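# Structure assessment
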Amino acid sequence: RAVHVTPLGAAAMAAGGAGLPTAIEGLLKQQPGESTAAVRWVPGLRVRSAACGFGRPATRPWAAVEVVGVASEGCESGGSSGSGQQPFTYSELFAGIGGFRVALDSLGGRCVFASELDESAQKVYHKNFGDCPFGDILEIGTEEIGSHDVLTGGFPCQPFSNLGEKQGFADPRGQLFREIIRVIYACRPRAVILENVANLVYIDGGSSLEQILQDLSDVGYDVDWRLINCSELLPQQRLRLYIVGLRRDIDGRSDFRWPELPVLDTSLAQVLEGPEVDNDTQNMLSEEQFAKLQTSSEYMQDPEKRLAQLHAKARTLTSGYRGGIRSEFVFRVGAPRPRYFTVRECARLQGFPESFVHCGSEGLPDRNRAYHQLGNAVCPVVVAAIAACVLSAIGLHRGTLPSGAATSHGIEPLPRGPDPHRGLTASALELLLAASPTDTAESLHLRALCEVFLLGGSSGVPSSTGCGRGLSASDVEGLRRLLASNLPGAQTTALFAIGRVAYLEGQTGIAKTAPAAVVASGGLLALVTGCLAGANEVQRQAVTTLKILSTFESVVGPLARDASALQRLREFMQDAEAGGSIGRQAGEILQNLGVLGHGSPPPAMGTVGCECAGAEVF
């Protein structure tokens with residue numbers, strides 16, 4: 001029988017027992033006439049470990065997935081052989097409702113362990129996959145996890161999110177990342193794929209991210225990270241940090257390249273359900289809620305802050321969606337009042353297949369809980385693209401990856417073109433099609449775009465690899481192509497990336513190059529200012545990006561000499577129709593440049609900083 005002590009008690013025991021209460025000291029000593037002490041100190045035990053008399057939950061059929069020899073290999077073997085004759089194996093820590101599992105199953109993987117504390121999320125996971133995850137990872141011994149090829153995890157984001165108190169590792173939830181290190185150290189997976197909010201890059205001046213990267217390096221992994229926005233594929237602005245670690249003794253790890261993702265001009269209107277949901281009282285704001293929304297200062301200042309732009313991208317879906325009038329609402333022509341997104345619409349925004357079952361359906365209670373779970377989930381489509389590149393680099397798949405998403409969801413497989421690296425995204429794109437309404441003109445167009453991208457058609461579909469530290473020569477060339485494409489989705493993606501990298505430079509100083517200087521001298525600035533004449537959503541993002549860039553000396557001079565850009569910014573500031581945040585930000589740019597004058601009224605200054613810095617904004 002095991003008795004667990006507090007962390008303070010464990011520290012005292014590890015130090016030799018000095019300062020322990022007399023009663024405990026007595027139990028640890030061998031008494032006269034007894035062969036052993038009443039108790040013995042065993043460090044490292046977990047409450048739910050096998051050593052404490054606990055086994056795997058009887059309700060979960062994990063035995064069915066252990067036929068690949070994983071359980072018998074021991075925790076240090078590093079998983080399957082990579083021969084291509086058997087599925088690769090993976091674990092899912094902080095699993096939520098299984099976003100990583102949707103992604104890796106689509107690539108032919110086999111999940112051998114999952115952990116999730118929330119009971120409601122456990123039920124959704126079990127409903128969709130037939131397996132019930134373990135509970136609290138703090139209580140689980142690594143011997144219960146076993147060897148596996150890939151470890152995945154979306155560790156708690158609250159300590160790092162702009163929506164939280166941003167305490168980083170000072171928040172106890174931030175320390176849960178150490179559990180990932182514990183499992184990695186014991187189980188030695190070939191690869192690690194982690195996800196968290198983009199603000200983790202900036203918090204504490206970048207020190208929290210550096211600590212995470214160092215911890216992964218210390219246990220034997222080469223590590224890289226990237227900020228990727230799912231808006232490149234889906235109609236939602238959701239910038240997330242993805243971290244990939246490859247074990248140093250694995251051949252091919254240097255061959256890893258981040259996925260090349262097509263920039264698709266998807267819009268919110270493409271994933272909305274029919275007009276009947278506009279009149280459903282479960283979705284609509286009440287008359288009182290609508291009145292409160294209309295009188296809120298934010299709505300009166302700029303209604304577009306709260307009303308979804310149907311032909312643009314949705315803002316970031318958060319776990320607090322439906323938590324108040326600060327949510328984003330759909331207000332279509334003919335609807336009596338604005339409404340919330342439906343659960344199915346949120347699932348489409350996140351890239352979950354149409355067949356995925358959420359709370360509020362098929363016997364799962366509490367529909368509102370589904371919003372919280374989807375807001376916390378990873379984007380399976382992006383994860384699938386990253387995981388395919390990881391598997392290819394470490395030799396767990398040779399040649400063409402399986403069309404897992406296509407066969408599982410009744411989607412006709414996409415063609416694999418001549419570019420093998422681009423072809424690695426095919427399974428992710430099949431998952432994208434599985435997460436979209438079927439048999440519509442929009443879905444047929446989406447499929448055609450995916451095929452053109454994979455086949456490398458002459459008409460071309462622009463692509464992106466996200467952004468990291470600094471702007472490399474290839475990054476600059478890719479951004480130039482996106483900005484010059486005249487496609488609103490491609491242009492906003494490039495503008496967003498430029499603004500983010502520049503903001504990273506300003507906040508942390510850890511960028512490898514000076515992105516603002518690169519923008520100013522590399523021909524990108526003229527393309528950025530040219531976007532001031534683009535579509536509405538492009539104009540908004542261009543102004544936000546220029547607001548960030550205008551705080552750097554390397555940009556101030558060239559931008560202040562661009563008469564056309566200055567004129568457009570003054571028009572934004574004075575034009576009542578532009579109004580709201582775009583007008584205020586235009587005024588801030590002019591003020592930063594020292595050229596506000598010419599009879600223009602002073603701008604209404606907002607919060608100093610980057611309006612794109614918070615994932616909750618976009």
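### Some points on the overall build of the chain
Counting its regular elements, the chain contains 23 helices and 8 strands. Of all 618 residues assigned to the chain, the portion counted as buried reaches 54%. Here the contacts in the chain between residues at least 6 apart in sequence split such that 71% fall between residues at least 24 apart. Only carbon and sulfur atoms are counted for the fraction: they give 52% of the accessible area of the chain, which is about 25,400 Å².

### Considerations on the confidence of the model for the chain
Model confidence for the chain is summarised by a mean pLDDT of 82, while 79% of its residues fall at 70 or above. Looking across the chain, the model is least confident in helix α12 (residues 404-409), with a mean pLDDT of 63, and most confident in helix α9 (residues 343-350), with 97. Throughout residues 80-85 the model reports pLDDT below 50, and contacts reaching past four residues in sequence, or to other chains, amount to 14 contacts. This stretch, residues 597-618, has a pLDDT under 50; its non-local contacts, to residues over four places away or in other chains, come to 53 contacts.

### As for the pairing of strand β3 (residues 150-153)
Across the two faces of β3 the burial is the same, with V150 and T152 and L151 and G153 all buried. With 4 bridges joining them, strand β1 (residues 89-93) and β3 adopt parallel strand pairing. Opposite Y90, over in β3, you have V150 as the bridge partner.

### Details of the side chain of S231
With respect to the secondary-structure elements, S231 resides in the loop between β5 (221-229) and β6 (239-247). By relative accessible area, which is 4% here, S231 ends up buried. A polar contact is formed between the side chain of S231 and the side chain of Q237, at a distance of 3.3 Å. Filtering out sequence-adjacent residues up to four positions away, S231 remains in contact with Q236, Q237, L264, T266, K313 and T493.

### Topic: helix α11 (residues 380-393)
Here α11 is 14 residues long and its end C-alpha atoms lie 20 Å apart, about the 20 Å a rise of 1.5 Å per residue gives. Immediately downstream of α11, the backbone of G395 shows phi near 80 degrees, a positive value.

### So, the packing of helix α5 (residues 177-187) against helix α6 (residues 207-218)
Helix-helix packing is described using two parameters, namely the angle between the two axes and the distance between the axes. Viewed as axis vectors pointing N to C, α5 and α6 meet at an angle of 15 degrees, and their least axial separation amounts to 10 Å. Considered as vectors, α5 and α6 are oriented roughly parallel to each other. Two packed elements cross with a definite hand, and for α5 against α6 that hand is right-handed. Facing F177, R178, I181 and I184 of α5, the residues of α6 in contact are Q211, I212, D215 and L216. Residue composition of the contact of α5 with α6, grouped by class: 5 nonpolar, 1 polar and 2 charged.

### Side note on the pattern of salt bridges
Taken as a whole and judged by the stated rule, the model has 24 salt bridges. The shortest N-O distance in the salt bridge between R369 and D118 comes to 2.9 Å. Of the two residues, R369 is situated in helix α10 (residues 367-376) and D118 in the loop between β2 (110-114) and α4 (119-129); the sequence distance between them amounts to 251 residues. Residue classification places R369 among the partly exposed positions, given a relative accessible area of 25%. Look at D118 and you get partly exposed, because its relative accessible area is 24%. Of the charged contacts, one joins E451 and R447 as a salt bridge, the two residues approaching to 3.1 Å between their closest N and O atoms.

### A word on the sheet that holds β3
Ordered in space as β2-β1-β3-β4-β6-β5, the 6 strands form an open sheet in which the pairing is mixed. Strands with a single pairing partner mark the edges of an open sheet, and in this sheet they are β2 and β5. With strand direction ignored, the average angle separating the axes of adjacent strands in the sheet is 20 degrees. With 4 bridges connecting them, β3 and strand β4 (residues 191-197) associate as parallel partners. The residue bridging V150 from the neighbouring strand is A191, located in β4. Across the sheet, α11 touches β3, β4, β5 and β6, and the angle it forms with β6 is around 20 degrees.

### Some remarks on the environment of P336
Tracing the backbone through its elements, the reader meets P336 in the loop between α8 (297-301) and α9. Among the residues examined, P336 registers a relative accessible area of 43% and is labelled partly exposed. For the pair P336 and E287, spaced 49 residues apart in the sequence, the C-alpha separation amounts to 9.6 Å. Beyond its immediate sequence surroundings of up to four residues, P336 is in contact with D278, N279, M284 and F331.

### Describing the side chain of S106
Within the secondary structure layout, S106 lies in the loop between α3 (99-105) and β2. Polar contacts involving the side chain of S106 include one to the main-chain carbonyl oxygen of A103, which spans 2.5 Å.

### Here's the deal with the environment of V519
Counting through the fold element by element, V519 comes out in helix α18 (residues 515-521). Taking the C-alpha atoms as reference, V519 lies 8.7 Å from L549; in sequence the two are 30 residues apart. Leave out the neighbours within four places in its chain, and V519 touches L471, I498, L524, L525 and L549.

### Looking at the nonpolar core
Counting residues in each nonpolar core, the largest one holds 90 residues, and the members touching the most others are V150, F341, I386 and V390. A total of 12 residues in this core trace back to one element, the largest contributor, which is α11. Contact partners of V150, with chain neighbours within four places excluded, come to F88, T89, Y90, S91, L104, P189, A191, I193, L391 and L396. By size, the runner-up hydrophobic cluster in this structure holds 78 residues, among which are I184, V219, L239 and A494.

### Comments concerning the packing of aromatic side chains
Note on aromatic pairs: each is described by the distance of the centres and the angle between the planes. On inspection of all chains with the given rule, the structure shows 11 aromatic pairs. Consider the rings of F290 and F331, whose centres lie 5.7 Å apart with planes at 80 degrees: the pair is edge-to-face. With F290 in helix α7 (residues 287-294) and F331 in the loop between α8 and α9, the pair connects residues that are 41 residues apart, well separated along the chain. Under the relative-accessibility criterion, F331 is labelled partly exposed at 32%. Taking 4.9 Å as the distance between ring centres and 65 degrees as the angle between the ring planes, the aromatic pair formed by F352 and F356 counts as edge-to-face. For the pair shown, F352 and F356 are each scored as buried. A connected cluster of aromatic rings, assembled from ring pairs, spans Y321, F329, Y340, F341 and Y371.

What counts and how
Residues numbered from 1 in each chain as written. Predicted model: local features only at pLDDT ≥ 70, side-chain atom pairs only at ≥ 80, totals over all residues. Heavy atoms only, no water. Helix = DSSP H or I, 4+ residues; strand = E, 2+ residues; numbered from the N terminus. Buried < 20%, exposed > 50% of the residue type's maximum accessible area, 1.4 Å probe, protein only. Contact = heavy atoms within 4.5 Å. Areas by Shrake-Rupley, 256 points an atom, 1.4 Å probe, with all protein chains shown as cover. pLDDT = per-residue confidence, 0-100. Pairing = 2+ DSSP bridges. Polar contact = N/O pair within 3.5 Å; in protein donor to acceptor, adjacent residues only side chain to side chain. Expected span 1.5 Å × (residues − 1). Axes fitted to C-alpha atoms, helices over the stretch in contact; angles between N-to-C directions. Parallel < 35°, antiparallel > 145°, perpendicular 65-115°, else oblique. Left-handed = near helix turned anticlockwise from the far one by under 90°. Nonpolar A, V, L, I, M, F, W, Y, C, P; charged D, E, K, R; others polar. Salt bridge = Lys/Arg side-chain N within 4 Å of Asp/Glu carboxyl O. Core = buried A, V, L, I, M, F, W, Y, C linked by side-chain atoms within 4.5 Å. Phe/Tyr/Trp six-rings, centres within 6.5 Å; stacked < 30°, edge-to-face > 60°.

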